[in-house]
Amino acid sequence: MTSNVSEALGYEQARDELIEVVRRLEVGGTTLEESLALWERGEELAKVCRQWLEGARKRLDAALAGEDAEEAGEGGEEG
């Protein structure tokens, strides 16, 4: 489950922090405990990013559905 702090992050903030977490894991040199903490934070950040992207997809789908409905309504009224 994401923390309240993670839920308050914007997409770009979460993405940038996730990039930094991945970089730190790839570089290595951390203890097992630090690596696990970084991994857990990365999972949390990835979830935040997914939630933002899913929300954006829903908004886009709704907007496109609204446009389709308007176009269908315009075509039916001209008859």
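Refer to the preceding data block for the structure.
Just so you know, these numbers come straight off a predicted model, no measurement behind them.

1. Some points on a negative patch on the surface
For step 1, the next point in the chain: Taken together, the side chains of Glu 67, Asp 68, Glu 70, Glu 71 and Glu 74 present a region of like negative charge at the surface.
For step 2, the next point in the chain: Inspection of the secondary structure assignment puts Glu 74 in helix H3 (residues 32-77).
For step 3, the next point in the chain: By relative accessible area, which is 49% here, Glu 74 ends up partly exposed.

2. Considering the environment of Cys 49
For step 1, the next point in the chain: With respect to the helices and strands, Cys 49 occurs in helix H3.
For step 2, the next point in the chain: Separated by 40 residues in sequence, Cys 49 and Leu 9 place their C-alpha atoms 9.2 Å apart.
For step 3, the next point in the chain: When residues no more than four places from it in sequence are discounted, the contact partners of Cys 49 are Tyr 11, Ala 14 and Arg 15.

3. Section: helix H2 (residues 11-27)
For step 1, the next point in the chain: Between its first and last C-alpha, H2 extends 24 Å over 17 residues, near the 24 Å set by a 1.5 Å rise per residue.
For step 2, the next point in the chain: Of the residues flanking the end of H2, it is Gly 28, one or two places downstream, whose phi is positive at about 80 degrees.

4. A few points about the environment of Trp 52
For step 1, the next point in the chain: Following the sequence through the fold, Trp 52 ends up in helix H3.
For step 2, the next point in the chain: You can call Trp 52 partly exposed: its relative accessible area is 44%.
For step 3, the next point in the chain: The sequence separation of Trp 52 and Gly 10 amounts to 42 residues, and the corresponding C-alpha distance is 7.9 Å.
For step 4, the next point in the chain: With residues up to four places along the chain from it excluded, the contact list for Trp 52 reads Leu 9, Gly 10 and Tyr 11.
For step 5, the next point in the chain: Side-chain polar atoms of Trp 52 contact the backbone oxygen of Leu 9, separated by 2.9 Å.

5. So, the pattern of salt bridges
Oppositely charged side chains can form a pair if their charged atoms are brought close together.
For step 1, the next point in the chain: Across all of its chains, the model carries five salt bridges by this definition.
For step 2, the next point in the chain: Salt-bridge contacts for Arg 41 lead to Glu 17; the nearest nitrogen and oxygen are separated by 2.8 Å. Separated by 24 residues along the polypeptide, Arg 41 in helix H3 and Glu 17 in helix H2 bring together distant segments of the chain.
For step 3, the next point in the chain: Of the residues examined, Glu 17 reaches a relative accessible area of 29% and is grouped as partly exposed.

6. Let's talk about the nonpolar core
For step 1, the next point in the chain: In terms of nonpolar packing, the biggest core is built from seven residues, these being Leu 9, Ala 14, Val 21, Leu 38, Leu 45, Val 48 and Cys 49.
For step 2, the next point in the chain: Elements that contribute at least two residues to this core include exactly H2 and H3.
For step 3, the next point in the chain: For this core, the element with the most residues is H3, which contributes four residues.

Cut-offs used in this document
Residues numbered from 1 in each chain as written. Predicted model: local features only at pLDDT ≥ 70, side-chain atom pairs only at ≥ 80, totals over all residues. Heavy atoms only, no water. Patch = residues over 30% accessible without salt bridge, like charges linked within 9 Å, V, L, I, M, F, W, Y side chains within 5 Å. Areas by Shrake-Rupley, 256 points an atom, 1.4 Å probe, with all protein chains shown as cover. Salt bridge = Lys/Arg side-chain N within 4 Å of Asp/Glu carboxyl O. Lys, Arg positive; Asp, Glu negative; His and termini not counted. Charge placed at Lys NZ, Arg CZ, Asp CG, Glu CD. Helix = DSSP H or I, 4+ residues; strand = E, 2+ residues; numbered from the N terminus. Buried < 20%, exposed > 50% of the residue type's maximum accessible area, 1.4 Å probe, protein only. Contact = heavy atoms within 4.5 Å. Expected span 1.5 Å × (residues − 1). Polar contact = N/O pair within 3.5 Å; in protein donor to acceptor, adjacent residues only side chain to side chain. Core = buried A, V, L, I, M, F, W, Y, C linked by side-chain atoms within 4.5 Å.

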